[in-house]
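Listed here are the chains, written in short residue letters.
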Amino acid sequence: MISVSDARAALLALVDPLASETVPLAQSAGRVLADPVSARRDQPPFSASAMDGYAVNATEVELHAMFKVIGEAAAGHGFDGKVGAGQAVRIFTGAPVPEGADFVVIQEDVDRKGNLITILDEPGANSNIRPKGGDFAIGDTVSAPRTLTPADVALLASMNIAQVPVARRPVVAVMSTGDELVMPGETPGPDQIIASNSFGLKAMCEAAGAEVRMLPIAQDTVQSLTTAFELAKGADLVVTIGGASVGDHDLVGDVAVSLGMERSFYKVAMRPGKPLMAGRMGDMAMVGLPGNPVSSMVCGQIFLLPMIRKMLGLSAEQPPLQSARLIAPLAKNGPREHYMRAQVTADGIRAFESQDSSLLTVLADANALLVRPPHDDALEAGALVQFLPI
Ligand SMILES: Nc1nc2c(c(=O)[nH]1)N[C@H]1C(S)=C(S)[C@@H](COP(=O)(O)OP(=O)(O)OC[C@H]3O[C@@H](n4cnc5c(N)ncnc54)[C@H](O)[C@@H]3O)O[C@H]1N2
Ligand code: MOO
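As recorded in an unreviewed UniProt entry, the protein chain goes by Molybdopterin molybdenumtransferase and comes from Tritonibacter multivorans. Of the protein chain, the UniProt comment under Catalytic activity (unreviewed entry) reads exactly: "adenylyl-molybdopterin + molybdate = Mo-molybdopterin + AMP + H(+)". The UniProt entry for the protein chain carries the following text under Function (unreviewed entry): "Catalyzes the insertion of molybdate into adenylated molybdopterin with the concomitant release of AMP."

Spatial strand order, 18-15-19-23-22-20: 6 strands in an open sheet with mixed pairing. Since the sheet does not close on itself, it has two edges, and those belong to strand 18 (211–214) and strand 20 (262–266), each with one partner. Neighbouring strand axes in the sheet, compared pairwise and without regard to direction, differ in orientation by 20 degrees on average. Of the strand pairs in this sheet, strand 20 and strand 22 (residues 277–281) are connected by 4 bridges, and their pairing is antiparallel. Bridged to Phe-265 within strand 22 is Ala-278. Against the sheet, helix 6 (residues 293–311) touches strand 15 (171–176), strand 19 (237–241) and strand 23 (284–289), its axis set at about 165 degrees to strand 23.

The environment of ligand 1 is formed by 22 residues, the closest being Ser-176, Glu-180, Ala-244, Ser-245 and Lys-274. Residue Ser-196 places a main-chain N or O atom 2.9 Å away from a nitrogen atom belonging to ligand 1. Here Asn-197 contributes a side-chain N or O atom positioned 3.2 Å from a nitrogen atom of ligand 1. For ligand 1, whose unbound accessible area comes to 860 Å², protein coverage reaches 69%.

Attention shifts here to the pairing of strand 25 (residues 337–345). By the bridge criterion, 2 bridges tie strand 21 (residues 270–271) to strand 25 in an arrangement that is parallel. Residue pairing across strands places Arg-271 opposite His-338, the latter belonging to strand 25. Of the pairings in the sheet, the one linking strand 25 to strand 27 (residues 368–372) comprises 5 bridges and is antiparallel in character. What sits directly across from Met-340, in strand 27, is Leu-370. In this structure, strand 25 lies alongside strand 26 (residues 348–351), joined through 4 bridges in antiparallel fashion. Considered in strand 26, the bridge of Gln-343 is made with Arg-350. Connecting strand 25 to the next strand, strand 26, in antiparallel fashion are 2 residues.

With respect to spatial proximity, the complete set of residues near ligand 2 consists of Pro-272, Gly-273, Lys-274, Asn-292, Ser-295, Arg-336 and Ser-357. With respect to ligand 2, the backbone of Lys-274 contributes an N or O atom lying 3.0 Å from an oxygen atom. Between Ser-357 and ligand 2, the recorded distance is 2.5 Å, taken from a side-chain N or O atom to an oxygen atom. Split by residue class, the shell around ligand 2 holds 1 nonpolar, 4 polar and 2 charged.

Below, the discussion takes up the packing of helix 1 (residues 4–12) against helix 6. The N-to-C vectors of helix 1 and helix 6 enclose an angle of 35 degrees; their axes lie 9 Å apart at closest approach. As helix 1 runs across helix 6, the sense of the crossing is right-handed. Between helix 1 and helix 6, the contacting residues are Val-4, Ala-7, Arg-8, Leu-11 and Leu-12 on the first element and Ile-302, Phe-303, Pro-306, Met-307 and Lys-310 on the second. Its residues assigned to classes, the contact of helix 1 with helix 6 shows 8 nonpolar, no polar and 2 charged.

This part covers helix 3 (residues 197–207). Along helix 3, the residues classified as buried are Asn-197, Ser-198, Gly-200, Leu-201, Met-204 and Cys-205. Around the axis of helix 3, the buried residues are gathered within 160 degrees of arc, so they sit on the same side. As for helix 3, its buried residues are in contact with strand 15, strand 18, strand 19, strand 23 and helix 6. At the C-terminal side of helix 3, Gly-209 shows a positive phi close to 110 degrees.

By the definition in use, this model includes 0 aromatic pairs. Looking at Arg-263, its charged tip hangs above the ring of Tyr-266, at a distance of 5.3 Å from the centre.

What follows concerns the environment of Lys-233. Along the chain, Lys-233 turns up in the loop between helix 4 (222–232) and strand 19. Separated by 51 residues in the primary sequence, Lys-233 and Met-284 have C-alpha atoms spaced 7.7 Å apart. Dropping the residues within four chain positions of it, Lys-233 is found in contact with Arg-213 and Met-284.

Closest axis-to-axis distance for the helix 3/helix 6 pair is 10 Å, and the angle between their directions is 25 degrees. It follows from the interaxial angle that helix 3 and helix 6 lie roughly parallel. The hand of the helix 3/helix 6 crossing is right-handed. On helix 6, the residues that touch Asn-197, Gly-200, Leu-201, Met-204 and Cys-205 of helix 3 are Pro-293, Ser-296, Met-297, Gly-300, Gln-301, Leu-304, Leu-305 and Ile-308. Residues that form the contact of helix 3 with helix 6 fall into these classes: 8 nonpolar, 5 polar and no charged.

Let's shift gears to the state of the cysteines. Counted by the stated rule, this structure contains 0 disulfides. No disulfide involves Cys-299; its sulfur sits 12 Å from that of Cys-205, the nearest cysteine. With a relative accessible area of 0%, Cys-299 lands in the buried category.

Basis of the calculations
- Residues numbered from 1 in each chain as written.
- Chains lettered and ligands numbered in written order.
- Predicted model: local features only at pLDDT ≥ 70, side-chain atom pairs only at ≥ 80, totals over all residues.
- Heavy atoms only, no water.
- UniProt positions renumbered as here; feature names shortened; annotations may be inferred.
- Pairing = 2+ DSSP bridges.
- Helix = DSSP H or I, 4+ residues; strand = E, 2+ residues; numbered from the N terminus.
- Axes fitted to C-alpha atoms, helices over the stretch in contact; angles between N-to-C directions.
- Contact = heavy atoms within 4.5 Å.
- Near = heavy atom within 4 Å.
- Polar contact = N/O pair within 3.5 Å; in protein donor to acceptor, adjacent residues only side chain to side chain.
- Areas by Shrake-Rupley, 256 points an atom, 1.4 Å probe, with all protein chains shown as cover.
- Nonpolar A, V, L, I, M, F, W, Y, C, P; charged D, E, K, R; others polar.
- Left-handed = near helix turned anticlockwise from the far one by under 90°.
- Buried < 20%, exposed > 50% of the residue type's maximum accessible area, 1.4 Å probe, protein only.
- Arc of directions from axis to C-beta.
- Phe/Tyr/Trp six-rings, centres within 6.5 Å; stacked < 30°, edge-to-face > 60°.
- Lys NZ or Arg CZ within 6 Å of the ring centre and 35° of its normal.
- Parallel < 35°, antiparallel > 145°, perpendicular 65-115°, else oblique.
- Disulfide = S-S within 2.5 Å.

Written out as structure tokens, the structure is:
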């Protein structure tokens, strides 16, 4: 059995960053920017008014000063002429500030009679002008890699980037295995249950930026597993669920090896998740997850997500663990690193009473995995422990 950190390193060695592709801006949200992109223009491209009011020369601005309005500048329609002494141009938010003006008196501070305005309120020191290039200048870059947020997409649009270079989404083929499984919506036989792990893992991998192909459920036979592996071809990563342990019907490892899988490791000193296996199958990485629902989801979190991040060109480092104080004591830990389902609140952290790896209700209520090192001593309430938010 290898340690969790050795397993993670071995898994990361099975995948490489993928090539990039170009997508239309409108489809770029959530994708990983593959290369830095540079602004194609200044924003604003001209000195622009930040307010509705009157553009004048700043040296003439004082209480009771009067100006003659000689024209209008609106957003999209600037004023062609020049603002001279004693003159003002009616201006609206977003309009280019005309030549000769360097101050906008907001209209609330002005009394207008015909073409004459008088400043009646103290206009203050703010010129109400956004300088050319004040947001960004031509050539300014958005750094990569980064997962594009809605704000990033707006910024790229403003920079006039219509096509965006992004990392190709890793294709993950997910295969549930086991004669006991049927799909949600089907009618299970008396000895059957509903496949759940594949759906949880699909959601998890997609949220991390992967494209998931759900394979048909494979029966516990060499023939059925072989067919399912055939269907996985072309994926970057094939993930099997179940059939990983030592029972007579746990055939996944043997079938994968017979199909050419070069095994990287089998079994990790981790709870849940001990019977994890991994290797390479031709162009694909292969990860065999244990079937217990919580085991497969915890392994997905700890192992699949870093692999997906590496393929996307992102940092595959596990985010640093956080610390919290125990609300209730914990018994001594065994020889495996334990990822206990737990709930963190303002009062501290509490591990759930039952840590059975079949309990999806407990996982759904958890917002943290409390991480305990192998052989950790029993801990009193108040002890500081580490956790991973989920
Ligand atoms: N003698 C031993 N028995 C077991 C050991 C061991 O070391 N010695 N390890 C246990 C541990 S730990 C785990 S974890 C499980 C993992 O076994 P498998 O990967 O072979 O998983 P299965 O036996 O196929 O399934 C276990 C459990 O999970 C259910 N399952 C499987 N796939 C799905 C799915 N897609 N959706 C929902 N539920 C699923 C399955 O019905 C079983 O109940 O082995 C222990 N045994
Ligand atoms: O390691 Mo198993 O994954 O405890 O349930």
